[in-house]
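Overview (structure and organization)
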Amino acid sequence: MTNAEAIDVRYSRISHLIGLKRYKEATEEAEALLRDEPEDDQAYALLALIHVHTEQYDAALHWSSESLKRDPENRLAWLVRTNAYHDSEKLDKALDAATEGMRVDPYEPHYYFIRANIYLKRGRYAEAKSYIETALDIRPNNAAYMASLSYAEALLGNHAASRQHAREALNLSVESDTTFLILAWSAEQRGDYEENLNMLKEAIRLDPNDKQIREAYMEGLQKSYKMYRILLAPFTLFKRMKPWQVLVIWLGAAIIFRPLLLIFIIVYVLTHWLTKLLVHVKLFGWSFKK
């Protein structure tokens, strides 16, 4: 076996350990490789990938930078860098990294998926849908991408198309917590609260330790109470409006309907905390120990 072949075997070993979520062992293997090959750009990129998975984004950015110093076109390093910025909510930097990554590797669908996620967060739903469709053109059997298309259609008000894409996503994969989480968002946007909760149950079954999934599940249980959903409706509507429109409505309501607005706020706050208490009791009983 040549030295290059031996290094490839070590790459595969590290990637396999990452896939198994055995991050400590993967880190040890990557660090051992770097001791033997201190200028190996791919070893730095793999170390950066481990840190993204463990949500250590500053470290991921550091090691991806070390990789790119040695090879400015390392594909994995750009992909990791894009994910690190996206997951740490540095969205403008994520877009910049994705642009550079797409230059290096134009057929990597995850860049289009990341751009779509950012545009969904920013209310640019039609653009997001276009990027998701491009990702699916490259990788048509990806369940998470199909689930995101379902979510984009739901946000655009195309509920029939959203439900169709949700069914297609489930046919592609039934064991992906990410897919179930996105399908839960899609169902909630359509007002399908029972399906929303079912999707969240599947997501938390697959990854009970994921903070985002746990929080979404708790919120889903809260929204299973009809009174809470009714009071939440105005806030859901505001999410679709521009900031100045929301400000004008709130100022108008404060001037014209001040007593009713105060009553609404009081009832909303009480309902929010009451449903939160009911969810806690349902899951954990009357114990409030941390």
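Residues numbered from 1 in each chain as written. Predicted model: local features only at pLDDT ≥ 70, side-chain atom pairs only at ≥ 80, totals over all residues. Heavy atoms only, no water.

**Quick notes on the overall build of the protein chain**
- Per the secondary structure count, the protein chain includes 16 helices and 0 strands.
- Per-residue burial over the protein chain gives 43% buried out of 290 residues.
- Excluding contacts between residues fewer than 6 apart, the proportion of contacts in the protein chain whose partners are at least 24 apart in sequence is 52%.
- Within the structure as shown, the protein chain displays about 16500 Å² of accessible surface, and the carbon and sulfur contribution to it stands at 57%. (Helix = DSSP H or I, 4+ residues; strand = E, 2+ residues; numbered from the N terminus. Buried < 20%, exposed > 50% of the residue type's maximum accessible area, 1.4 Å probe, protein only. Contact = heavy atoms within 4.5 Å. Areas by Shrake-Rupley, 256 points an atom, 1.4 Å probe, with all protein chains shown as cover.)

**Some points on helix H11 (residues 177–190)**
- Compared with an ideal rise of 1.5 Å per residue, which puts 14 residues at 20 Å, H11 spans 20 Å between its outermost C-alpha atoms and is within 8% of the ideal.
- Most of H11 is tucked away: 11 of the 14 residues are buried.
- Taken together, the buried positions of H11 are occupied by Asp177, Thr179, Phe180, Leu181, Ile182, Leu183, Ala184, Ser186, Ala187, Gln189 and Arg190.
- Of the residues one or two after H11, Gly191 is the one with positive phi, at around 85°. (Expected span 1.5 Å × (residues − 1).)

**Observations concerning the packing of helix H10 (residues 159–172) against H11**
- Two elements in contact, H10 and H11, have axes separated by 11 Å at closest approach and are oriented at 160°. On the basis of their axis angle, the class for H10 and H11 is roughly antiparallel. The hand of the H10/H11 crossing is left-handed. Where H10 abuts H11, its residues His159, Ser162, Arg163, Ala166, Ala169 and Leu170 lie against Thr179, Phe180, Leu183, Ser186, Gln189 and Arg190.
- Partitioning the contact of H10 with H11 into residue classes produces 5 nonpolar, 5 polar and 2 charged. (Axes fitted to C-alpha atoms, helices over the stretch in contact; angles between N-to-C directions. Parallel < 35°, antiparallel > 145°, perpendicular 65-115°, else oblique. Left-handed = near helix turned anticlockwise from the far one by under 90°. Nonpolar A, V, L, I, M, F, W, Y, C, P; charged D, E, K, R; others polar.)

**Thoughts on the packing of helix H9 (residues 143–155) against H10**
- Contact pair H9 / H10: the axes reach a minimum separation of 8 Å and the direction vectors enclose 165°. By the criterion of interaxial angle, the relationship of H9 to H10 is roughly antiparallel. Relative to H10, the crossing made by H9 is left-handed. In contact with Ala143, Met146, Ala147, Leu149, Ser150, Glu153 and Ala154 of H9, H10 contributes His159, Ala161, Ser162, His165, Ala166, Glu168, Ala169 and Leu172.
- In terms of residue class, the contact of H9 with H10 is built from 9 nonpolar, 4 polar and 2 charged.

**Notes on the environment of Ala48**
- Among the structural elements, Ala48 can be located in helix H3 (residues 41–53).
- For the pair formed by Ala48 and Arg81, sequence separation is 33 residues and the distance between their alpha carbons is 8.2 Å.

**Points about the pattern of salt bridges**
- Considering all chains together, one arrives at 19 salt bridges under this definition.
- The shortest N-O distance in the salt bridge between Lys69 and Glu66 comes to 3.0 Å. Separated by 3 residues within a single helix, Lys69 and Glu66 lie in helix H4 (residues 57–70), roughly one turn from each other.
- For Glu66, a relative accessible area of 14% gives the class buried. (Salt bridge = Lys/Arg side-chain N within 4 Å of Asp/Glu carboxyl O.)

**Considering unusual backbone geometry**
- Its identity is not glycine, yet Glu55 carries a phi of approximately 60°, on the positive side.
- Along the polypeptide, Glu55 turns up in the loop between H3 and H4.
- Here the phi dihedral of Glu89 falls at roughly 65°; this positive angle occurs in a residue that is not glycine.
- For Glu89, the location among the structural elements is in the loop between helix H5 (75–87) and helix H6 (91–104).

**Side note on the nonpolar core**
- Of all hydrophobic cores here, the largest spans 71 residues; its most connected members are Ile14, Ile50 and Leu120.
- Setting aside anything within four residues of it in sequence, one finds Leu120 in contact with Tyr125, Ala128, Tyr151, Ala152 and Leu155. (Core = buried A, V, L, I, M, F, W, Y, C linked by side-chain atoms within 4.5 Å.)

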